[in-house]
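Here is what each chain is made of, one letter per residue.
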Amino acid sequence: MAAMRKKKKRTREFKFLLRMKKKLMILFICVSGALIVMIGRLGYIEVKSGERYEKIVLSNQEYSSTTIPFRRGDIVDRKGTVLATSTDVYNVILDCSVLTSKEEYLEPTMEALQACFEESELNYTFAEIREFISNNQDNRYLKLADRLPYNEIESFETLQGENEKIKGIWFEKEYIREYPYGSLASALIGYTASGNLGIGGIEDSYNDVLNGTDGRQYGYLNSDSNYEINMKEAINGQTVVSTIDANLQSIVETKMKEFYNRLTNHAETGGGAAHIGVLMMDPNSGEVLAMANYPNYDYTLTADENLGLFYSEENIASMDEAAQEKAVEALKQNFCLTYTYEPGSTAKPFTIACGLETGTLTEDMTFMCDGSEQISGHTIHCVSRSGHGLETLSGALEDSCNDALMQMSYKIGGNNFAKYQQLFNFGLRTNIDLPGESRTDTLIYKAEDLNTINLATNSFGQNFNVTMIQLASAYSSIVNGGSYYLPHVVNKLEDENGNTVEEISPTLLRQTISQETADTLKEYLKAVVDEGTGNTAKVDGYSMCGKTGTAQKFVLDEEGNATSQRAQGKYLVSFIGSVPADNPEVVIYVVVDEPNVEDQAHSSYAQNLAREILEEALPYMNIYPDEEQTGMNADLDIVGENNLTGAGQ
């Protein structure tokens with residue numbers, strides 16, 4: 001029985017092996033058949049189309065791909081006026097390998113080049129081009145001309161479309177950045193370097209959204225030596241819609257230039273001022289409506305041409321290369337963000353606001369001004385050396401009385417003063433959406449450092465530093481009811497078709513003071529313009545708040561750092577105001593750094609400039625007169641013999 005079982009088992013194994021052998025033979029026959037079919041097909045392709053496929057492979061290896069550049073997005077003002085744009089230009093490229101692929105292509109192509117382009121437009125003479133073609137038949141890329149506008153290549157494209165024998169010339173697209181209004185808002189807009197890199201201004205801070213993504217063009221030659229294309233389109237950059245109004249910006253810059261030139265004409269040497277800065281803001285949103293400085297930079301001109309606008313030939317000749325580069329960079333700076341200075345008496349409203357909010361000052365308080373205060377062995381004078389007499393809070397602002405403010409500081413104390421400086425954002429960056437904003441944290445006192453003399457001088461705006469954007473943003477919070485908004489210069493982002501990608505809404509950061517305190521301060525600030533040191537800034541027929549400032553500057557060392565000594569005769573004068581008085585729609589801040597006159601210590605230089613700007617700007621903004629017109633300030637020139645009327649500190 002065991003033997004029988006073994007025999008049956010061997011029989012089953014033998015039959016299994018026979019079945020497997022049969023299956024393997026069938027599989028071998030199928031695979032062999034498939035291989036024979038494939039070999040036959042490849043042989044057929046080699047005979048019939050081998051040359052064509054060889055060209056495709058070789059051409060793909062040689063051509064690889066071409067970049068299709070994205071178009072950098074525009075920068076426009078709040079009404080859509082284009083402030084910066086990218087214009088397409090074309091490089092003329094010669095592909096010798098295509099041009100020489102057939103003899104019949106050379107002459108028609110050369111004739112078309114000569115008919116459509118002046119030799120002066122090209123990088124080579126026509127004779128040099130012929131010689132290059134003869135000696136470099138495999139060359140794929142020679143740039144015959146750089147950055148031509150489309151109208152200069154259009155005629156060649158037309159001939160190329162009409163004549164199939166014009167080969168081997170193609171046009172490489174690029175974009176160049178253009179600023180249609182020259183120097184208008186140049187420091188705020190910025191500029192671009194090679195590679196679409198934004199430098200300064202909106203070009204810098206919004207570089208990522210202004211830039212897009214390059215596309216790709218993949219090409220090969222078919223059997224007829226025609227260039228066939230596969231393409232991945234570029235994604236263009238977004239349009240940045242700024243808060244700036246180009247018309248307001250133009251009014252501001254025109255008046256600044258007139259002011260600078262008139263001061264220059266009154267000066268024996270040099271320009272009208274070391275710097276002039278103007279900010280216009282919407283106090284109810286933090287939107288910057290205009291931001292300008294003068295002297296400034298025009299990116300449509302060369303560096304030498306820009307220097308020539310503000311320096312004499314003798315001055316330029318006396319500069320070495322490093323000095324010239326430094327002067328050029330200074331023209332590019334955004335004074336409203338980068339320059340720090342002592343604010344002078346424009347800081348006084350913040351001192352009084354702090355006192356009212358903390359209850360250390362009350363509206364019924366009075367202070368006796370005798371012309372100076374004796375502190376720690378130092379005599380600190382008021383603007384009126386003989387004294388203003390008895391001053392109320394409002395009167396102290398109207399007269400810009402240093403003595404009264406120092407006495408207020410004793411009541412307020414260092415802790416309260418430091419707390420409200422921080423609330424008003426002094427010593428901190430505003431974080432406006434622009435690059436280059438200066439830090440002032442090391443230029444301001446901490447509470448523990450505010451001894452009596454430091455507190456006293458800080459109370460009227462000396463011994464600490466601010467930037468224009470800091471002070472204008474803080475002042476806006478006083479006149480709008482206490483709301484501190486993040487200042488910003490961009491409203492929204494759009495795609496290339498004008499569709500909104502992102503809205504940038506006003507950002508309320510904090511409440512600085514109460515509505516009650518704000519209303520009180522507005523009454524005081526209105527009196528400054530109506531009856532006090534700010535009356536030169538008054539625009540006839542408009543209610544207006546404001547405050548003047550005059551700060552004596554420090555002597556600078558060789559590296560440009562402030563020393564402990566005050567510079568004789570060197571002043572920074574300023575005016576900040578808002579219109580209408582009760583419900584302001586616009587804030588204007590004007591700073592004139594070292595006006596080139598014999599007697600600089602008069603805020604009326606800044607007041608005159610502010611008034612002349614507002615006289616044009618307010619009607620344009622549809623802000624209508626709300627008071628009876630009296631002819632006030634009608635006979636004042638922006639600069640003249642009578643421009644010191646109401647000179648304020």
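Refer to the structure presented above.
Residues numbered from 1 in each chain as written. Predicted model: local features only at pLDDT ≥ 70, side-chain atom pairs only at ≥ 80, totals over all residues. Heavy atoms only, no water.

Novice: Describe in detail the pairing of strand β3 (residues 82–94), supporting the description with residues and values.
Specialist: Burial analysis of β3 places ten of its 13 residues in the buried class, which makes it a mostly covered element. Bridge analysis of strand β2 (residues 75–76) against β3 gives two bridges, and the strand direction is antiparallel. Paired with Ile 75 across the strands is Ala 84, a residue of β3. Connecting the antiparallel pair β2 and β3 is a turn made up of five residues, with Gly 80 showing a positive phi of about 95°. Relative to strand β5 (residues 169–178), β3 runs antiparallel, the two being bridged by ten bridges. Note that in β5 the partner of Val 89 across the bridge is Glu 174. Of the strand pairs in this sheet, β3 and strand β4 (residues 142–148) are connected by four bridges, and their pairing is antiparallel. Bridge pairing in β4 links Tyr 90 to Leu 148. (Buried < 20%, exposed > 50% of the residue type's maximum accessible area, 1.4 Å probe, protein only. Helix = DSSP H or I, 4+ residues; strand = E, 2+ residues; numbered from the N terminus. Pairing = 2+ DSSP bridges.)

Novice: I'd like to hear about the nonpolar core, residue by residue, with values.
Specialist: Core analysis: the largest hydrophobic core is formed by 131 residues, its most contacted members being Met 280 and Met 291. Those residues within four positions of Met 291 in sequence are excluded, and the remaining contacts are Leu 188, Ile 244, Gln 249, Val 278, Leu 279, Asn 334, Cys 336, Leu 337, Ile 432, Leu 434 and Ile 469. Core analysis: the next-biggest nonpolar cluster, separate from the first, contains 24 residues, Val 92, Cys 96, Cys 116 and Ile 133 among them. (Core = buried A, V, L, I, M, F, W, Y, C linked by side-chain atoms within 4.5 Å. Contact = heavy atoms within 4.5 Å.)

Novice: Talk me through the pattern of salt bridges; I want residue IDs and the actual numbers.
Specialist: For the structure on display, the rule yields 25 salt bridges. Close ionic contact of Lys 332 with Glu 329 constitutes a salt bridge, the shortest N to O distance being 3.6 Å. You can see Lys 332 and its partner Glu 329 sitting in helix α12 (residues 321–332), three residues apart, about one turn around the helix. With relative accessibility at 19%, the residue Lys 332 sits in the buried group. (Salt bridge = Lys/Arg side-chain N within 4 Å of Asp/Glu carboxyl O.)

Novice: Tell me about a negative patch on the surface, and please be specific about residues and values.
Specialist: Judged by side-chain charge, Glu 363, Asp 364, Glu 516, Glu 523, Asp 582 and Asp 626 come together as a negatively charged surface patch. With respect to the helices and strands, the residue Asp 582 is situated in the loop between β22 (562–579) and β23 (586–595). (Patch = residues over 30% accessible without salt bridge, like charges linked within 9 Å, V, L, I, M, F, W, Y side chains within 5 Å. Areas by Shrake-Rupley, 256 points an atom, 1.4 Å probe, with all protein chains shown as cover. Lys, Arg positive; Asp, Glu negative; His and termini not counted. Charge placed at Lys NZ, Arg CZ, Asp CG, Glu CD.)

Novice: Can you explain the packing of helix α14 (residues 348–358) against helix α20 (residues 515–531)? Please cite residues and give values.
Specialist: Between α14 and α20, whose axes approach to 10 Å, the crossing angle comes to 145°. As α14 runs across α20, the sense of the crossing is right-handed. Between α14 and α20, the residues in contact are Pro 349, Ile 352, Ala 353, Leu 356 and Glu 357 and Thr 517, Thr 520, Leu 521, Tyr 524 and Leu 525, respectively. Across the contact of α14 with α20, the residue classes break down as seven nonpolar, two polar and one charged. (Axes fitted to C-alpha atoms, helices over the stretch in contact; angles between N-to-C directions. Left-handed = near helix turned anticlockwise from the far one by under 90°. Nonpolar A, V, L, I, M, F, W, Y, C, P; charged D, E, K, R; others polar.)

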